[in-house]
Amino acid sequence: MTKLSKKIAVLVAGLILGLSFGSMNEVSAYREPAFTTNLGGLPISCSVYAEQVGIGSIHTGDSPQVIRGQYGEPKNISDEGGIRHYYDGMIFTFVDFSGEKKPVLADIRVTKNMKVGNNATPDGVAVGMSEDVLTQVYGMADAVYIEKHLAPKLSEEQNKKYDERLNRTVYTYNANECLSMHFIVRNGIITEIRIHLSD
């Protein structure tokens, strides 16, 4: 192989690798936003697909048996505002929407990055990641809520404690008028993932 053909081969390989790596940073399953209203009649945009809104292979609408098949027996079960199954760093809430004693998963809350089991979204976003990953994976959020606490009479240094402990940003991605995925961010890090199905 000549020097020129080796250089061309290296350049082509680098270009292919660069393109494949570059495509990983783009929105993984970009959905052209659809516009509708939520159950309260407010206009919303929907920028993710329903199959993207879940944790691992778990999605709203699943039965308690499906959750147990994936994560085993819960550490605790309570019956307040729906049947809640508590796992290490996760809470699954089941609601009997039909009234036929067939509860389905209506709310998922992930509060820590576990070492056992899959607690990331189907697109690989997990608690502990930088908030920058949200735009890379899902694009611009459908809604952003910023909660900021200030104590105007305290010093700037003292207010930093409010910023570190209380201030948060919630990025919401809607799949439809009933299904949404929320990422709670504190100090630039995802601290909680919440998925909610309304009826």
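Residues numbered from 1 in each chain as written. Predicted model: local features only at pLDDT ≥ 70, side-chain atom pairs only at ≥ 80, totals over all residues. Heavy atoms only, no water.

With that settled, consider the pairing of strand β11 (residues 179–186). With 7 of its 8 residues buried, β11 lies for the most part within the structure. In terms of strand pairing, strand β10 (residues 168–174) meets β11 through 6 bridges, oriented antiparallel. What sits directly across from T169, in β11, is V185. Connecting β10 to the next strand, β11, in antiparallel fashion are 4 residues. Judged from the 8 bridges that link them, β11 and strand β12 (residues 189–197) form a sheet pairing that is antiparallel. Bridge assignment links I184 to a residue of β12, and that residue is E192. Counted along the chain from β11 to the antiparallel partner β12, the turn is 2 residues long, and its residue N187 has a positive phi close to 50°. (Buried < 20%, exposed > 50% of the residue type's maximum accessible area, 1.4 Å probe, protein only. Helix = DSSP H or I, 4+ residues; strand = E, 2+ residues; numbered from the N terminus. Pairing = 2+ DSSP bridges.)

Right, let's get into the pattern of salt bridges. Following the criterion strictly, the structure yields 6 salt bridges and no others. Salt-bridge contacts for D107 lead to R194; the nearest nitrogen and oxygen are separated by 2.9 Å. Taken together, the positions of D107 in strand β8 (residues 104–110) and R194 in strand β12 put the pair 87 residues apart, joining distant regions of the chain. The class for R194 is partly exposed, based on a relative accessible area of 34%. One salt bridge in this structure joins E147 and R168, with 3.2 Å as the shortest N-O distance. A residue pair is termed long-range when its members are at least 10 positions apart, and E147 in strand β9 (residues 143–147) and R168 in strand β10 qualify at 21 residues. Accessibility expressed as a relative area gives 21% for E147, which makes it partly exposed. (Salt bridge = Lys/Arg side-chain N within 4 Å of Asp/Glu carboxyl O.)

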